[in-house]
Amino acid sequence: MHSSRYFPLAIILALFTALVVPPILLGLQASIQADDMSKYHLPQVNTFVTHPFSIFDYAATAATTPGHHVFLAWIARLLGYHKVEADNLPIRFVNAAFGFLALLVAWRAFAQRTKNPWQPAVFALPLACSSYLLFASIWIATDNGALLFYELAVTMA
């Protein structure tokens, strides 16, 4: 593939980044997703920060399997955090990376089926602008981790 084939991908990823990074840096908290992050997801991450191997016996604060929370907790521990707060930017960016990667996997799946460099970008654009992908990238939630691993499973099938 030529580098010109990746130019449309760069535009899509830049758009996604431009929509995700500013709200994280500004610390926007006035949304249902921010409330979910604070009430459910951060407490669950913090459970695993303090008890990193209690994945089968823990007090659940979020109605999801614990994989995404465990992963973020382990990253937090590696970075030296004893507690994750809404303003811990490295953890927020690691969470956002799941959305970025989900978008990249979707683009790649489309790109494998065409020689037109713009067609995969056109197909990936709705995902890049989807409130589901964006909100779960801006605020900590498990949606993008689930989407990413679903995409990978479908892509491998």
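Residues numbered from 1 in each chain as written. Predicted model: local features only at pLDDT ≥ 70, side-chain atom pairs only at ≥ 80, totals over all residues. Heavy atoms only, no water.

Caption draft 1: Quick look at helix H6 (residues 131-138). Inspection of H6 places Leu133, Leu134, Ala136, Ser137 and Ile138 among the buried residues, and these make up the whole buried set. The residue sitting at the N-terminus of H6 and contributing the capping side-chain oxygen is Ser130; that oxygen lies 3.2 Å from the backbone nitrogen of Tyr132. (Buried < 20%, exposed > 50% of the residue type's maximum accessible area, 1.4 Å probe, protein only. Helix = DSSP H or I, 4+ residues; strand = E, 2+ residues; numbered from the N terminus. Polar contact = N/O pair within 3.5 Å; in protein donor to acceptor, adjacent residues only side chain to side chain.)

Caption draft 2: Fine view of the side chain of His68. Counting through the fold element by element, His68 comes out in helix H3 (residues 67-78). In terms of polar contacts, His68 uses its side chain to reach the side chain of Asn95, at 2.8 Å. Beyond its immediate sequence surroundings of up to four residues, His68 is in contact with Asn95, Phe98, Ala141, Thr142 and Gly145. (Contact = heavy atoms within 4.5 Å.)

Caption draft 3: Main features of the pattern of salt bridges. One pass over the structure, following the stated rule, counts one salt bridge. Ionic pairing is found between Lys83 and Glu85, a salt bridge with its closest N-O pair at 3.6 Å. (Salt bridge = Lys/Arg side-chain N within 4 Å of Asp/Glu carboxyl O.)

Caption draft 4: Examining a nonpolar patch on the surface more closely. Taken together, the side chains of Phe7, Ile11 and Trp118 present a nonpolar region at the surface, about 310 Å² in accessible area. Residue placement: Trp118 occurs in the loop between helix H4 (89-111) and helix H5 (119-128). (Patch = residues over 30% accessible without salt bridge, like charges linked within 9 Å, V, L, I, M, F, W, Y side chains within 5 Å. Areas by Shrake-Rupley, 256 points an atom, 1.4 Å probe, with all protein chains shown as cover.)

Caption draft 5: Quick peek at the packing of H6 against helix H7 (residues 143-156). In the contact formed by H6 and H7, the axes pass within 8 Å of each other and the chain directions differ by 120 degrees. Relative to H7, the element H6 is oriented oblique. Residues Tyr132, Leu133, Ala136 and Ser137 of H6 lie in contact with H7, whose contacting residues are Asp143, Asn144 and Leu147. Across the contact of H6 with H7, the residue classes tally to four nonpolar, two polar and one charged. (Axes fitted to C-alpha atoms, helices over the stretch in contact; angles between N-to-C directions. Parallel < 35°, antiparallel > 145°, perpendicular 65-115°, else oblique. Nonpolar A, V, L, I, M, F, W, Y, C, P; charged D, E, K, R; others polar.)

Caption draft 6: Region of interest: the packing of H4 against H7. Viewed as axis vectors pointing N to C, H4 and H7 meet at an angle of 25 degrees, and their least axial separation amounts to 8 Å. The angle between H4 and H7 places the two elements in the roughly parallel class. Our pair here, H4 against H7, has a crossing hand that is left-handed. Residues Phe98, Gly99, Leu101, Ala102, Val105 and Ala106 of H4 form the contact with H7, whose own contacting residues are Asn144, Gly145, Leu147, Leu148, Phe149, Glu151, Leu152 and Thr155. (Left-handed = near helix turned anticlockwise from the far one by under 90°.)

Caption draft 7: Looking closely at the nonpolar core. By size, the foremost hydrophobic cluster in this structure holds 36 residues, and its most contacted members are Val20, Val84, Ile91 and Leu103. Among the secondary structure elements, those contributing two or more residues to this core are helix H1 (3-26), helix H2 (32-50), H3, H4, H5 and H6. Among the elements that make up this core, the one with the highest residue count is H4 (eight residues). Those residues within four positions of Leu103 in sequence are excluded, and the remaining contacts are Ile12, Leu13, Phe16, Ala124, Leu127, Ala128 and Leu133. (Core = buried A, V, L, I, M, F, W, Y, C linked by side-chain atoms within 4.5 Å.)

Caption draft 8: Region of interest: the packing of aromatic side chains. Counting across every chain of the model gives eight aromatic pairs. With centroids separated by 6.5 Å and ring planes inclined at 55 degrees, the aromatic side chains of Phe16 and Phe100 adopt a geometry described as tilted. Residue Phe16 is located in helix H1, and its partner Phe100 is located in helix H4; the two are separated by 84 residues in the primary sequence. Note on Phe16: relative accessible area 2%, which makes it buried. You can call Phe100 partly exposed: its relative accessible area is 30%. (Phe/Tyr/Trp six-rings, centres within 6.5 Å; stacked < 30°, edge-to-face > 60°.)

Caption draft 9: Here's a closer look at the environment of Leu89. In this fold, Leu89 is placed in helix H4. Ignoring sequence-local partners within four residues, the contact set of Leu89 consists of Ile24 and Leu25.

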